[in-house]
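Survey of secondary and tertiary structure
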Amino acid sequence: MTTRAEIVAAARGWIGTPYRHQASTKGAGCDCLGLLRGVWREVLGPEPETPPAYSAGWAEAPGAMPMEAMAEAARRHMSEIAPGDAREGDALLFRMRRNGPAKHVAIQTDGDRMIHAWSGHAVVETCIGKWWRARIAHAFRVPGVED
């Protein structure tokens, strides 16, 4: 079994890792998906699948990938939960634009904080303020987490 504290501790170990598109190496670089992948490897073991190559604007390119590609991949390996039920250690997927695809992911660290990587910033722990909360589209629980 995995504990929520183990997931959060692993994610906090990535704080300060520079943003690097498609990367997933602690201390060297990662993007938001790379952060989740790296924490998965640290806490759960080998990744269940390798994501395809993707461009920075992958979710906006018509026909390039299914609009909800990130959520579909998450559903294959995690349990979807109501966003309001998310707790520390759960993954949050965000829509950066209304009616846009869910294409940003973060790991919740407590009721109103998260760890994420986004372009132009290193991995940070920040408040899930009004702006972020309004953009939560999906929430997922990793397999085997103790409640």
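These remarks concern the structure in this document.

What counts as what
- Every chain begins its residue count from 1, and numbering advances along the sequence as written.
- pLDDT decides what is reported in this predicted model: residues at 70 or higher carry local features, side-chain atom pairs at 80 or more are listed and counted, and totals for whole chains, interfaces and linings draw on all residues regardless.
- Heavy atoms from the whole structure form the basis of all side-chain values; hydrogens and water molecules are not counted.
- Only runs of H or I of at least four residues qualify as helices and only runs of E of at least two qualify as strands under DSSP, and these elements are numbered from the N terminus.
- When a residue's accessible area, from a 1.4 Å probe over protein chains only, is under 20% of the maximum for its type it is buried; when over 50% it is exposed; and in between it is partly exposed.
- Only heavy atoms matter for contacts: two residues are in contact if any of them lie within 4.5 Å across the pair.
- Only protein atoms enter the calculation, which uses a 1 Å grid: trapped sets of points that fit a 1.4 Å probe without letting it out are cavities, open sets showing protein on both sides within 12 Å along at least five of seven lines are pockets, and any residue with an atom within 4 Å of a point is a lining residue.
- Grid points are joined across faces, edges and corners, and a volume is the space filled by probe spheres set on the points.
- Lys, Arg, Asp and Glu make up the charged group, whereas Ala, Val, Leu, Ile, Met, Phe, Trp, Tyr, Cys and Pro make up the nonpolar group; the residues left over, Gly among them, are polar.
- By this rule the span expected of a helix is its residue count minus one, scaled by 1.5 Å.
- Polar contact is the term for a pair of N or O atoms within 3.5 Å; when the atoms are in protein, one must be able to donate a hydrogen and the other to accept it, and sequence-neighboring residues count only if both atoms are side-chain atoms.
- Stacked, edge-to-face and tilted are the three classes for Phe, Tyr and Trp ring pairs, Trp counted by its six-membered ring, which pair at centre distances within 6.5 Å; planes under 30 degrees apart are stacked, over 60 edge-to-face, the rest tilted.

**Thoughts on the side chain of histidine 104**
Here histidine 104 is to be found in strand β5 (residues 102-110). Judged by relative accessible area, which is 5%, histidine 104 ranks as buried. With sequence-adjacent residues up to four places away left out, histidine 104 is seen in contact with Cys32, Met70, Leu92, Leu93, Phe94, Met96, His116, Ala117, Trp118 and Trp132.

**Here's the deal with empty space enclosed by the protein**
Under the definition given, this model contains one cavity of 30 Å³ or more. Within this model, the largest cavity holds a volume of roughly 80 Å³. What lines the largest cavity is Ile7, Leu36, Val39, Trp40, Val43, Leu44, Gly89, Asp90, Ala91, Ile107 and Val142. The greatest single-element share of the lining of the largest cavity, amounting to four residues, is contributed by helix α2 (residues 32-43). Per-class residue counts for the lining of the largest cavity are nine nonpolar, one polar and one charged.

**Looking at α2**
With twelve residues, α2 should reach 16 Å at 1.5 Å per residue; the first-to-last C-alpha distance of 17 Å fits that figure. Within α2, nine of the twelve residues are buried, leaving the element largely enclosed by the surrounding structure. Taken together, the buried positions of α2 are Cys32, Leu33, Gly34, Leu35, Leu36, Arg37, Gly38, Val39 and Trp40. At the N-terminal end of α2, a side-chain oxygen is found 3.3 Å from the backbone nitrogen of leucine 33, two or three residues along, and the residue is aspartate 31. Just downstream of α2, glycine 45 is the residue with a positive phi angle, here 110°.

**Some details on the packing of aromatic side chains**
Counting across every chain of the model gives three aromatic pairs. With 5.0 Å between their ring centres and 75° between their planes, phenylalanine 94 and tryptophan 132 make a pair best called edge-to-face. With phenylalanine 94 in strand β4 (residues 91-95) and tryptophan 132 in helix α4 (residues 130-133), this pair connects stretches of sequence that are 38 residues apart. Take tryptophan 132: its relative accessible area is 9%, and that puts it in the buried class. Note on tryptophan 118 and tryptophan 132: the rings are 5.6 Å apart at their centroids and 85° apart in plane angle, and the pair reads as edge-to-face. Placement of tryptophan 118 in the loop between β6 (113-116) and β7 (124-127) and of tryptophan 132 in helix α4 is noted, with a sequence separation of 14 residues between them. By relative accessible area, tryptophan 118 is classed as partly exposed at 32%. What links up through ring pairs into an aromatic cluster is the set Phe94, Trp118, Trp131 and Trp132.

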